[in-house]
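# Coordinate analysis (summary)
Read off the chains here:
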Amino acid sequence: MLPQELPIAFFDSGLGGISVLRETVRLLPQERYLYYGDSLHAPYGVKTADEVLALCRTAVCHLLEQGVKALVIACNTATSVAIRPLRQAYPGLIIIGTEPAIKPAAERFPGGHILVMATPMTLQEKKFRSLQQQYGAQAEIVPVACGGLMEFVEQGILRGEAVERYLYDKLEPYLKVPIDAVVLGCTHYPFLSGAIRKVVGRRPAIMDGSAGIAMQLRRKLAERGLLAPDAQTGSVRFENSLDEPEILELSQALFDYQDATP
């Protein structure tokens, strides 16, 4: 197989990274994709940095054994902890990470009031604090720790009373002043955009970084001449550390999911 024909690997602590995968497939439909979710060990956002790094190393070794031309770490927590060590360990591999879309939100709403929903670990990491400090002069950046929210997606619960009650309890205290944007700082959260919209109302923009990640990946592949030929038939294959038919079925269902966000 030619290098251009090798798959692009996506890795996430569970199923959230499928939101990034979907955006990338829309941009690069001719590519072959291998998605690996570590649902057996999810969530990463409540683990120590050392635990997360060890899990990332194991998952990446598994993916590289299968032959890939690029790796997308489709998890903000894993990116914060592991992207630098992984780039040092594999200097010849294209490795793209994720981060909360604070920069585009601050640029779009200068002087605005921006909520950033993320896991507790993401909000504690140096990367988030750096972004908050860098763009805090342009807009008010308000972190909202959402421990337990990604688990709804892992169970396939994207709407309904339970998830809406959770979101109301988390977000209602911040809605007493006008909100310009809600940044989804975990790749699981875009699947909950409809439920989030019901809580925050029509005014705030709901933003995530999936499109930017997809465009960065395309740029890096093009620089190295690794874009798949247009004539190639694209494909998506799912793997999961749980290795159960139900989790693979849910992976496909999330990939196909159309959220009728009001």
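Read on for an overview of the structure.

Next up on the list: the overall build of the chain. Of the regular secondary structure elements, the chain holds 11 helices and 9 strands. With the C-alpha coordinates aligned to their principal axes, the bounding extent of the chain is approximately 55 × 40 × 40 Å. Each of the 262 residues in the chain was classed as buried or not, and the buried ones make up 53%. Sequence-distant contacts in the chain: of pairs separated by 6 or more residues, those separated by 24 or more amount to 80%. Across the chain, the 26 positively charged side chains and the 29 negatively charged ones have centroids separated by 8 Å.

Right, let's talk about the sheet that holds strand 7 (residues 181–184) for a bit. The strand order 6-5-7-8 describes an open sheet built from 4 strands, whose pairing is parallel. The open sheet has two edge strands with one neighbour each: strand 6 (140–145) and strand 8 (205–207). When strand polarity is set aside, the average angle formed by the axes of neighbouring strands in this sheet is 20°. Strand direction decides the pairing type here: strand 5 (residues 113–118) and strand 6, joined by 6 bridges, are parallel. The residue bridging I114 from the neighbouring strand is I141, located in strand 6.

Moving on to the environment of F10. When you line up the elements, F10 lands in strand 1 (residues 8–12). Classification of F10 as buried rests on a relative accessible area of 0%. Along the backbone, F10 and Q252 are 242 residues apart, and their C-alpha atoms lie at a distance of 14 Å. Look past the residues within four positions of F10 in its chain and what remains in contact with it is G17, V20, L21, T24, Y33, L34, Y35, Y36, L63, V72 and A74.

In this structure, T79 sits in helix 3 (residues 76–89). Assessed through its relative accessible area of 8%, T79 is described here as buried. C-alpha of T79 to C-alpha of T122: the two residues are 43 residues apart in sequence and 9.2 Å apart in space. Beyond its immediate sequence surroundings of up to four residues, T79 is in contact with I73, G97 and T98.

What you see with strand 7 is no split at all: A181 and V183 on one side and V182 and L184 on the other are buried throughout. Where strand 5 and strand 7 come together, 4 bridges link them in parallel fashion. Residue pairing for strand 7: V116 is matched across the bridge by V183. As judged from the 3 bridges shared by strand 7 and strand 8, these two strands associate in the parallel manner. For A181, the partnering residue across the bridge sits in strand 8 and is A205. You can see the chain leave strand 7, run along helix 9 (residues 193–200) and come back into strand 8, and the turn it takes is right-handed.

Analysis parameters
Residues numbered from 1 in each chain as written. Predicted model: local features only at pLDDT ≥ 70, side-chain atom pairs only at ≥ 80, totals over all residues. Heavy atoms only, no water. Helix = DSSP H or I, 4+ residues; strand = E, 2+ residues; numbered from the N terminus. Buried < 20%, exposed > 50% of the residue type's maximum accessible area, 1.4 Å probe, protein only. Contact = heavy atoms within 4.5 Å. Lys, Arg positive; Asp, Glu negative; His and termini not counted. Charge placed at Lys NZ, Arg CZ, Asp CG, Glu CD. Pairing = 2+ DSSP bridges. Axes fitted to C-alpha atoms, helices over the stretch in contact; angles between N-to-C directions. Right-handed = clockwise from strand over helix to strand, strands pointing away.

Everything listed here is a matter of geometry and, on its own, says nothing about what the molecule does.
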